[in-house]
Every structure is written in C-alpha cells, then in structure tokens.
Amino acid sequence: MKRKKQLQKALMAIPLFFLICFVLFPYLWTFLTSIKPTEELYTTTINILPRVSTLSNYATLFFQTDFLNSMVHSIWIASITSCISMVVSSMAAYAFARYDFRGKHLALSGILLLYMFPSVLYLTPLFVVFNKLKLIGSPAALVISYCTFTIPFSIWLLTSYMKGIPIELEESGKIDGASVAQLLYFIVAPLLKPGLIATGTYVFINSWNEYLFAVMFTTSDNRTLPVSLASLVGEYDLRWDIISAGAVAAMVPVVIMFMFVQKNLVAGLTAGSVKG
Amino acid sequence: MDRGKQTNKRRRKSDVYVPLILLAPALLLVVGVIIYPICHAVGLSFQYYKLTDFANRQFIGFQNYIDIWKNEAFIASLGNTVKWVVITVALQFLLGLGLAMILNIPFRGRGVIRSITLMPWVTPGVVIALMWVWIYNGNFGILNHCLISLGIIHQGVPWLGSGKTALYCQIVTMIWQGLPFFAIMILAALQIIPSDLYEAAEISGAGSWQKFIYITLPQIMPTIVTTCMLRIIWVFNNVEVLYLMTGGGPGHSSMTVSLIAYIRAQKSLDFGQGSTIAIYGTLFMILFMAVYLKLTRKGEFE
C-alpha cells in the first residue's frame, strides 16, 4: 500500500514538472532576455543563458525613457482606486452581510452580473463623458473608470469575508451602546483587516495592470505603466532586451504584493465560489 | 419590559435606514459609473457617431445593428470567438483539473508551487502579451529555435504572422494565463471533500478511477460549473492579449467580437458601431449565461 502511494507520487511528478515548466518558462525567458546585451538576441544560434550578462537594459529603461514617471503615476492611480474602492465597498458589504432588506439578493446578484459585463461596453460612453468634463488625461478619469470593475468585485469579495466574521462581538458592542459607525470602526474593521488588505491589494494589482482604459484616457505625458510598456514596442522597435526589462520591472512589484496576500485572497475567493 | 420593547422598536427603525446609508456611496458609484454608461452606450449604438466625423452625428435607429452583419470582420469574428472561448476554457479546465489533482496530494514544497503557479493570474496583460510575442518571434524566437533543434521543423515559422497559426498561438497564451486560477478553484473544492467518503468507497473495493468518477467528480461539480462560467465570460471579454499580440490579424484570422468592438471604438473612433458590437457581445453573453444556468442548475435549488 505504501509502495503504491510512493509510486503514485513519483508518477504525478512528471506531469507536475511539465506544467510548472509551462507556467514558469515565459518568466524565465523574459528575465534572461532582459539581462542579455543586444547583440546576443539577434543571432541565428540562440544561447539560452547570456554569455555576458548586463544591467544596461534596465539603466536605459529607467534613465532614457519615461518608464519611471509612468511607474509613479501608476502607483498613485492604483492607490487612490484601492482606497476609494475599499471604503465604499466595505460599507456596502457590511450592509449586505448584516442587514436584511428588501431587494438584497437582487442587488447582490445584480452586482455580480455587472462584474461580468465587458469593459468595452463602458469605454465609449465614459470617453464621451470625460471629454465633455475635460477629464481626458487626468488621473480622475482612470480612477473613475477603474471603479467599473473594482467596486462590484470588492463588494462581492468583502461580503464573503464579512460573513465569515462572528456576529457575537458586534452584538455585545451594540448592548454596550456603540453606534454603527463605532461598531464598524472599532470592531468590524480590525477583524476584517486581512480581508480588506487582500481585496485592496487585488484591486491595486488590477488597476496597476489595466491597459484598455488607460491607453484611451491618458495623454503622452501622464501614461500609466502598461501604456508606457506597450509603447516601448513602437518606440524601440525590435529592442526586445529593453522591452523585456520593462516587462520584468512592471511585473515584479505586483507579484511580490500578491505573494503576501495570496493565502487570504484565495481563501476569500474560493469561499465565495464553492458556496455557489 | 417597557425598555426592551423600546430598544426593539429603535433597532427596527435603524435597520431600515442604516443599510441605506451604508449602501448609498456604492449605489451612487454603481449608478454613475456603470448603469449610466451602459444606458449611454445603448444610446450611442442608435447613432451615427464618429469622432472623425463629429458634425454629422445623428440618430439612425437600428441601422448600426443591421449594417454590422454586412461587415466582413464582424462575421469572421463570430467563428473565431467560438474557437477562442471553447478551446481556451476546455483546455484550461482539463489542465487545471490535472494540476489540482496533483496539488491535492501532500508533498514537500506544495505551498511554494501553489503560490508560484498563480503568478500568471496577476501578471499584467501587457506583460503577458509581450512575453509571448517574443517567444513566438519568427526570426529570433525561442520556440522556433527549440523546434528546429529538435528537428521537428526545418525553417522558422512566423507563428503570429500566419493566419493559420495566429489564433491558436494566442489560445495557448490564454490557457497559460487562466490555468492556474482554474487549478486553485478546483483544488479548494477537492480539499473540502470529506475523507470518509473515500474510506467508505475503499471498503466497498472501489479503484482510483471509480473513486474519481463517483466521488471526486460529483463533489467538485458545482465549483467546475461556476468556474467554467466565470472563465467563459472572462475569456470572451478579454481584449488585451489579442489586441497587443496581433490586433486581430493577420487579416481577420484572430479577430473576436470583443476585440472588434474595442478596435472600432479605440482605433477607428467609430463610437456608434463600437457600442453596437459591444452590446451584441453583452447580449450574446447574457443569452449564454441564461442557457448555461438553466442547463446546469436543473433540479438544483440554490
């Protein structure tokens, strides 16, 4: 029996190995490309590992393009979007998790339905409105348009976290005469913190990654990171070493952030979906 | 007695307006940035509305909805969309299920592997597209290099430059992007299957395959159904990867409905037709969701 289990494990290792290679290879290849000198990229015989490794591509990226500027810009936009989404959504989530009111289930499923709608649907009307309000090129346009997907998602996820918090503490708070605002701030918020951080980080990551709205609503001097990165292809035609360095630099911050909240985030997401 | 009644009454009153106050900001935002734009998009779809020909904008009724069926790119996109969604989600599911089954067996380093495999899920779409464009590069790409070294092909193939391969190559990219998420969802469902079910099956002499068919699969079915639906919608809506890798080309060989809606609006600045296609896409998805939920939720009470 034990031998059979071990054999099973060994057999599973082979497909696992291939799946992991499939997942990791693009990252590895991009990283290796980013530390190669240009001459090594465009040869008929490709070296997997760089013969000479260099950081000059990163230097070019940060000092000769507007990459660093757009990175700062992206940090701002993603942070503001997450803050607004968290405040607004946690209030709504509290109402959904703790109160019964008419139309609650309809509202919750409606919100989930809205999350399914394609971004392209919002693109043209938002552009028309932003154009009228002279908001094209301002960070507000991006923050507002990102709310189209961050708010429904955060409400849904935070409601699922909120339901996991025992209600007894709030009840004893109520008996002691705490107002709803006090309950939210002193009792619910600390308990919800892991969930809030996970959701907030996910919103940050999604806003950081967003490209379709960003390319439409920014102008050349306030581009976000993904727009800047995509434009490298045109501006530095065929300089895949620099483009790869940009890809690595755009990805590293969010991957690190994700690793910290990964456990809580997955727990919240799966709790929501397993229950159906 | 009296006091109890009073607090009861007060609580009931606050139960009405407190949730309203709590919901108000979210409601305002949802109406302002989601519901209103959707209505506006419907309005735009009934207009001749091009930013390049702004002066002549006018109401034209259902003309956009009719004209689009004469558009070659749109017709081509319908078949491509079906391929794009069906092949991608089917393979994401199969590979995701496989990965989840493996990760469900305890072994050292499982947690690390689980975290690492989730990386594509949070990688920016632009980065995903660029990484794979470079891998598929016809002259200097690593894929061609490997295949030539292995003797499978003798000459570099322009993977994204040929109408025969472009869509399928991007499907591989999309599978890569969505596979981990699928695996993690299924894994979570696998981990809550009560182990006594398996023990009972073992006592009655069930083999691994039978255990999989009669216990595992029915237990994880609700998760599979939900995740498949979410993924189908997600893949259908995805524009980034296709837009940045080939922009729907060569020709219309990798054009999808969502992509053509985006290109119409963003590149051609034809907001009328762009909205029309986006609305068609949304209607297709709503129709699909209705049928899908009807078929899968049969006899199941929520």
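Residues numbered from 1 in each chain as written. Chains lettered and ligands numbered in written order. Predicted model: local features only at pLDDT ≥ 70, side-chain atom pairs only at ≥ 80, totals over all residues.

Scanning chain A from terminus to terminus reveals twelve helices and zero strands. Its helices and strands in sequence order give chain A the pattern α-α-α-α-α-α-α-α-α-α-α-α, from N to C terminus. For chain A, whose C-alpha radius of gyration is 23 Å, the value lies well above the compact-globule estimate of 19 Å for 276 residues. Principal-axis analysis of the C-alpha atoms places the extent of chain A at approximately 75 × 70 × 30 Å. (Helix = DSSP H or I, 4+ residues; strand = E, 2+ residues; numbered from the N terminus. Rg over C-alpha atoms; globule rule 2.2 N^0.38 Å.)

So, about the overall build of chain B. A count of helical and extended segments in chain B gives 13 helices and two strands. Radius of gyration (C-alpha) of chain B: 25 Å, far over the 19 Å computed for a compact globule of 302 residues. Across its three principal axes, chain B shows a C-alpha extent of roughly 75 × 65 × 35 Å. Within chain B, the fraction of its 302 residues that count as buried is 41%. The contacts of chain B with a sequence gap of at least 6 include a subset with a gap of at least 24, amounting to 67%. (Buried ≥ 20, exposed ≤ 12 C-beta atoms within 10 Å, placed from the backbone. Contact = placed C-beta atoms within 7 Å.)

The next subject is the interface of chain A and chain B. Taken residue by residue, the interface counts 67 residues in chain A and 72 residues in chain B. In terms of residue count, the dominant contributor to the side of chain A that touches chain B is helix α12 (residues 240–274) of chain A (15 residues). Here the residues of the side of chain A that touches chain B are counted per class, giving 54 nonpolar, twelve polar and one charged. (Nonpolar A, V, L, I, M, F, W, Y, C, P; charged D, E, K, R; others polar.)

Turning to the domain arrangement of chain A, a few remarks are in order. All names here are of chain A. Entries for chain A in the domain assignment read domain 1 (2–34) and domain 2 (64–274). On a C-alpha basis, the centroid separation for the pair domain 1 and domain 2 is 32 Å. The interface is formed by four residues belonging to domain 1 together with six residues belonging to domain 2. Of the residues contributing to the side of domain 1 that touches domain 2, the split by class is one nonpolar, three polar and no charged. (Domains from an automatic or database assignment.)

Bringing unusual backbone geometry into the picture now. Look at the link from Gly249(B) to Pro250(B): it is a cis peptide, with omega at -10°. Here Pro250(B) lies in the loop between α11 (240–245) and α12 (257–266). Even without being a glycine, Lys134(A) presents a positive backbone phi close to 60°. Mapped onto the elements of the fold, Lys134(A) is located in the loop between α6 (119–132) and α7 (139–163).

All right, on to the packing of α6(A) against α7(A) then. All names here are of chain A. Close contact between α6 and α7 brings their axes to 11 Å; oriented N to C, the two are set at 150°. Classified by the interaxial angle, the pair formed by α6 and α7 is roughly antiparallel. You can see that α6 and α7 cross each other, and the crossing is right-handed. Packed against α6, whose contacting residues are Ser 119, Tyr 122, Leu 126 and Phe 130, the element α7 presents Ala 141, Ser 145, Thr 148 and Phe 149 at the interface. (Axes fitted to C-alpha atoms, helices over the stretch in contact; angles between N-to-C directions. Parallel < 35°, antiparallel > 145°, perpendicular 65-115°, else oblique. Left-handed = near helix turned anticlockwise from the far one by under 90°.)

Further remarks concern the confidence of the model for chain A. Mean pLDDT for chain A: 86, with 97% of residues reaching 70 or above. Averaged pLDDT values for the elements of chain A fall to 80 in helix α2 (residues 38–41) of chain A and rise to 92 in helix α4 (residues 67–98) of chain A. (pLDDT = per-residue confidence, 0-100.)

Moving on to the domain arrangement of chain B. Residues and elements named next belong to chain B. For chain B, the assigned domains read domain 1 (2–45) and domain 2 (74–296). The C-alpha-based centres of domain 1 and domain 2 are spaced at 37 Å. Taken together, the four residues of domain 1 in the interface contact six residues of domain 2. Tallied by class, residues from the side of domain 1 that touches domain 2 come to three nonpolar, one polar and no charged.

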